[in-house]
Amino acid sequence: MASNAPNKKLKIAVLTSGGDSAGMNAVVRAVVKAGILKGCETWVVREGYEGLVKGNSVQVNRPDPIQVSLANLPKDLADDSVVRNLRFGDGPLLREGEGDANDSDYSLKGRYIVRVGWDDVRGWMGEGGTLIGTARSAAFRTPEGRYEAAKNLIKEGIDAIVVCGGDGSLTGADLFRAEWPSLVEQLLANNEITAEQASLYGHLRIVGLVGSIDNDMSMTDLTIGAPTALHRICEAIDSINSTASSHSRAFVIEVMGRHCGWLALIAGVSAGADFIFIPESPPEAESWEDEMCEIIKAHRAVGKRKTIVLIAEGAHDKHLNPINAEQVKEVLAGRLGLDTRVTCLGHIQRGGRPCALDRILPTLQGVEAVNALLEATPDTPSYMIGINENKITRKPLVDAVKQTKEAAKAIGEKDFKRAMSLRDSEFAESLQAFYAVSTLKQTPVPDSQKLRVAIMHIGAPAGGMNAATRTAVRYCLSRGHEPIAVYNGFKGLLNSNVSPLSWLRVDNWMTRGGSELGTNRAQPDIDLGGVAAKFQKHGFDAVLLIGGFEAFTSLCIMEKARESYPAFNIPMVHLPATISNNVPLTDYSLGSDTSLNALVDACDAIKQSASASRNRVFVVETQGGNCGYIATMGALAVGAVVVYTPEVGIDLGRLKTDVSFIKSRYQLDVRGKAEGRLVIRNENASDIYTTDVITKILKEEGGTLFDSRSASLGHTLQGGIPSPTDRARAVRLTMKCMTFLEHETNILRTMPEKGRRARKESAAVITIQGSHIKLSPA
C-alpha cells in the first residue's frame, strides 16, 4: 500500500485510554499545541478507543474558528498558524463536561472525533483526570471494531495518533498499526473508501505515552500520573502519622498496585513506613507474620510510638497466597497487642490536581510525541515516549509492553529475582534503601573499617535535607559507623557544636522541611585552619555535605587545601540540595521539586484570581538567584505566557516584543471571556527591569485590554513539607553517597599511614547527568 503523500498536512488525533491519571490533560494540551506549532491539524478522540469505533455520526457547523476581527492585527500574526487554529468552539464543552448535555442546542452528541485548536485546551494543565474521557473498549478488541475505527479516522483524514494509557492501551495501539494496511485494503474492497484515500492513508503513525498511576511500564522510570498518586498517598500518610503517634497506634494503609509495588515502595521510603508488602518482593520468611512482627516489635522496643504498614493491593506471600490489610491488622493486634486501624485510600490516589512533575513531564513527552510522529516512516517502529533519570527517551513500544508483561509473568512464576530485574534501576535501589533505613537490623563492617561520619548542612535550606540526613544516620548505624551531626554549618563546627545522632532521634525527619541541623552560607575559608583542627579533634573519617552552591565551593576549598591541612585527607561527598538547582555538573538538586510544587500551588491560586478578573496579567517573581531553573520549569508547569531568567536577561527590545504579544493575545480572546495570564520573572533576571517596572509597563500598555498586578513568592518557595520526589531521591542519592564514602575510606586505609594522601576522586559531587547518576570529582 502506498504511503502518505509528502506534502499532505499531518492530522494528529490524541486519545486517553484505560484508567485515568493526573497529567493526561497536560498530554492532550501539549500534543495539540506542539502539533499546531509544527503546522499540523489537531483532533481529540472522546472516550478513548470507544470513540474511534463510534466516530462521528452527526455533522455540525462549527463556530468561527477565531471569533474576532483580525483587522487590527499585524499581517504576520493574522497569518500565523496558531491564529488560524486558535479555536473551533468545542473546548468549553469538553472542559465543563457539557458535551453530552440534553438541554443544549450545541453539544458533542454523536461526535467523538473532534477538531480542537490552541485555546480549546486552555486551562487544561491543572485539571485532574482526563477531560476528553476514557473507557475500556470491548468493541476495539474485535477485528470489526478496529475496522470501524480505521474507517472513521480515514473519513476525517487522520493518519497519526497519540495514545496515552497503560500497557493494555499501548498494546492495542501497536496491534492497530500492524493491522492498518490490511484494514485499508478491506475498506477499499468494500467501497468504504476511495482509491485516492487508500493511497493517502496507507501508513498509520502511532506514538504511545504511558498514563498509569502504578508506574508499571518497563523501559521508563516514570509514568504519567504516578508522581501525583504518590503525592496523594504521602499526604494521607503524613496526616495519619500525627494521630498514630498521638494514640501510639498502628495503621495498615492499602494503596493501589495490582502487579507493581512502586507506589507502596516509594511511599514507604518517602513516608518512613515500618514495613511494606509489594508483589515483586514478598517477605522471604516462611511466615510473613513472624518477619513483620519481629521488625515492628524491635521498633516499639526502642521507643517508637507509631507503626505504619503499607500494603499494595496485589500483595502476596512467597507462595502467592494473597495478603490483605485486614489480615495484617489481625496479626498486629493479636500478636503485638497494638491498637490497629485500616485505611484503604482507593480512588483518592487517582484524583486531584496534578503535581508539578505531572505537568512538566507530560508536556515534554507530548512535544516529543509530535516530533516522533513527524519523523515516522513505515519502517520505523511505534515508539513509547518515556524518561530515564532526567532524559526524555523513545523506546520501541512493542518491546516495552513485552517486558512489562514479562514482569507480571515472573511474579506469577514466583521468580521474584527476575521480576525485580525487569523493573527500573531505581526500584531495586529504593527497596534496598528501604530495608537499610527502616529496620534496626545491622550488618556491621569490621572494626577496622568503621567510620565517624560528619554530616553538615551548608547554604540555604531546601526540602529533602532532613530526609537525606535521616538516611545517612540510619545507614551509618546499620553498618556500625558513628553518625556525627554538625549543627549550624562551619560556624557551628568552629564552636564544637557537634553530637552523635540516634536511630529514633531522626525518625520523624523524613517529612520535615528546612534544616534540622541548622544551615548558613559560611564556608570553611572563614577559618580554614580552625576547621581543619576541628576535623582532627573530633576524629572525622568522612564528611557528607548537604547543600547548594556554597556546599560545592566548600568541598572544592577543602580538597585544594589537602596539601596544607592533612585533616582534609579524608573522603568527602557533596549531595546537592538547593531550590535554585544551580550546582554544577548535575541536572537535579534536592529541594527543587518541593519548590516547583510550592510555585505551582501559588500560581494556580494567583491565576484563579487573574482569570476571575478576566483581563489581568500577574507578574510573579520567583527565587533562584542567578539560575533560571525554577522560573523556567515553573512557567512550563503553570502555562505562563512569558518567562524572564538571568541566563537570557531582559532588554527593551524583548520587553516591547512581549508587550505586543500579550496585547495581541488579549485581542484574540472571545469578548468577555479573556483569561488571566502569568509572567514569571526570576529575581535576578535584570537589575533595571524589576518586577515593579515590568508590572507598571504592562499596566500602562494594556490600556483597556488588560490590567496588571505583581506577586513576589519569596521564601515560600522553600516549601513546607518536602515533596515525595525530593524525599525518595534524598534516600536513593544518600545511599550512594554513603557507599562512596565507605569505598574511598577503604582505599585510603590501604595506604601507609605516614604521609597518607586522599585521592582527588575522593572529594566528589553526586550528580544526575542525563540518564546516569555519577559521582564527579570536585
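Before reading on, note that the structure itself is shown above.
All figures in this text were calculated on a predicted structure; none of them were measured in a lab.

Q: Is there a simple way to explain the nonpolar core in this structure?
A: Nonpolar side chains in soluble globular proteins tend to end up buried together. If you look at the biggest cluster of nonpolar residues, it comprises 100 residues, and the most contacted ones within it are Ile 253, Trp 262, Leu 263, Leu 265, Leu 544 and Leu 575. Per-element tally for this core: the top contributor is helix α25 (residues 724–749), with 9 residues. Other than its neighbours up to four places away in sequence, Ile 253 contacts Ile 237, Ile 240, Ile 308, Val 309, Leu 310, Ile 311, Thr 343 and Leu 345. Within the second largest apolar cluster, 37 residues are counted, among which are Val 44, Leu 86, Leu 131 and Val 162.

Q: Mind showing me how you'd approach the sheet that holds strand β6 (residues 250–255) here?
A: Read from one edge to the other, the open sheet built from 4 strands follows the order β7-β8-β6-β9, with strand pairing classed as parallel. Unpaired on one side and paired on the other, β7 (275–277) and β9 (340–344) mark the two borders of the sheet. For this sheet the average axis-to-axis angle between neighbouring strands, irrespective of direction, equals 15°. Judged from the 3 bridges that link them, β7 and strand β8 (residues 307–312) form a sheet pairing that is parallel. Residue pairing in the sheet places Ile 276 in a bridge with Leu 310 of β8. Along the sheet face, helix α11 (residues 288–301) touches β6, β7 and β8 and points at about 155° away from the line of β7.

Q: In this structure, what is going on with the side chain of Lys 534? I would like to understand it.
A: In this fold, Lys 534 is placed in helix α19 (residues 528–537). No salt bridge is formed by the buried Lys 534, whose closest oppositely charged neighbour, Asp 527, lies at an N-O distance of 8.9 Å. Of the polar contacts made by the side chain of Lys 534, one reaches the side chain of Ser 496; its length is 2.9 Å. Sequence-distant contacts of Lys 534, defined by excluding residues within four places in its chain, comprise Leu 493, Leu 494, Ser 496 and Phe 540.

Q: I would appreciate a short explanation of empty space enclosed by the protein in the present structure.
A: The method is simple in principle: a probe with the dimensions of a water molecule rolls over the atoms, and the space it marks as empty is what remains. One pass over the structure, following the stated rule, counts 3 cavities of 30 Å³ or more. Computed from the structure, the largest cavity encloses a volume of approximately 50 Å³. Arg 177, Arg 205, Ile 206, Val 207, Ala 372, Ala 376, Thr 377, Thr 380, Pro 381, Ser 382 and Tyr 383 together form the lining of the largest cavity. For the lining of the largest cavity, the element with the highest residue contribution is strand β5 (residues 205–210), accounting for 3 residues. Of the residues in the lining of the largest cavity, the class split is 6 nonpolar, 3 polar and 2 charged.

Q: Would you mind going over the sheet that holds strand β17 (residues 616–622) with me for this structure?
A: The pairing of strands in a sheet happens through backbone hydrogen bonds and is either parallel or antiparallel. Strand order in the open sheet formed by 4 strands is β18-β19-β17-β20, with parallel pairing between adjacent strands. Of all strands in the sheet, those bounded by a partner on one side alone are β18 (642–644) and β20 (707–712). Looking at each pair of strands side by side, their axes are set apart by 20° on average, direction ignored. With 6 bridges joining them, β17 and β20 adopt parallel strand pairing. Note on β20: the bridge partner recorded for Glu 621 is Ser 712. Docked against the sheet, helix α22 (residues 629–638) engages β17, β18 and β19 (677–682), running at close to 170° with respect to β19. Contacts from helix α24 (residues 691–702) reach β17, β18, β19 and β20 within the one sheet, and its direction differs from that of β20 by about 165°.

Q: What exactly am I supposed to notice about the packing of aromatic side chains here?
A: Note on aromatic pairs: each is described by the distance of the centres and the angle between the planes. For the structure on display, the rule yields 11 aromatic pairs. A ring pair is formed by Phe 434 and Tyr 435, whose centres lie 5.8 Å apart and whose planes are at 65°; its orientation type is edge-to-face. Looking at Phe 434, the relative accessible area reads 2%, which means it is buried. For Tyr 435, a relative accessible area of 33% translates into the label partly exposed.

Reading the values: the criteria
- Residues numbered from 1 in each chain as written.
- Predicted model: local features only at pLDDT ≥ 70, side-chain atom pairs only at ≥ 80, totals over all residues.
- Heavy atoms only, no water.
- Core = buried A, V, L, I, M, F, W, Y, C linked by side-chain atoms within 4.5 Å.
- Buried < 20%, exposed > 50% of the residue type's maximum accessible area, 1.4 Å probe, protein only.
- Helix = DSSP H or I, 4+ residues; strand = E, 2+ residues; numbered from the N terminus.
- Contact = heavy atoms within 4.5 Å.
- Pairing = 2+ DSSP bridges.
- Axes fitted to C-alpha atoms, helices over the stretch in contact; angles between N-to-C directions.
- Lys, Arg positive; Asp, Glu negative; His and termini not counted.
- Salt bridge = Lys/Arg side-chain N within 4 Å of Asp/Glu carboxyl O.
- Polar contact = N/O pair within 3.5 Å; in protein donor to acceptor, adjacent residues only side chain to side chain.
- 1 Å grid on protein atoms, 1.4 Å probe; cavity = no way out; pocket = protein on both sides within 12 Å on 5 of 7 lines; lining within 4 Å.
- Points joined across faces, edges and corners; volume = space filled by probe spheres on them.
- Nonpolar A, V, L, I, M, F, W, Y, C, P; charged D, E, K, R; others polar.
- Phe/Tyr/Trp six-rings, centres within 6.5 Å; stacked < 30°, edge-to-face > 60°.

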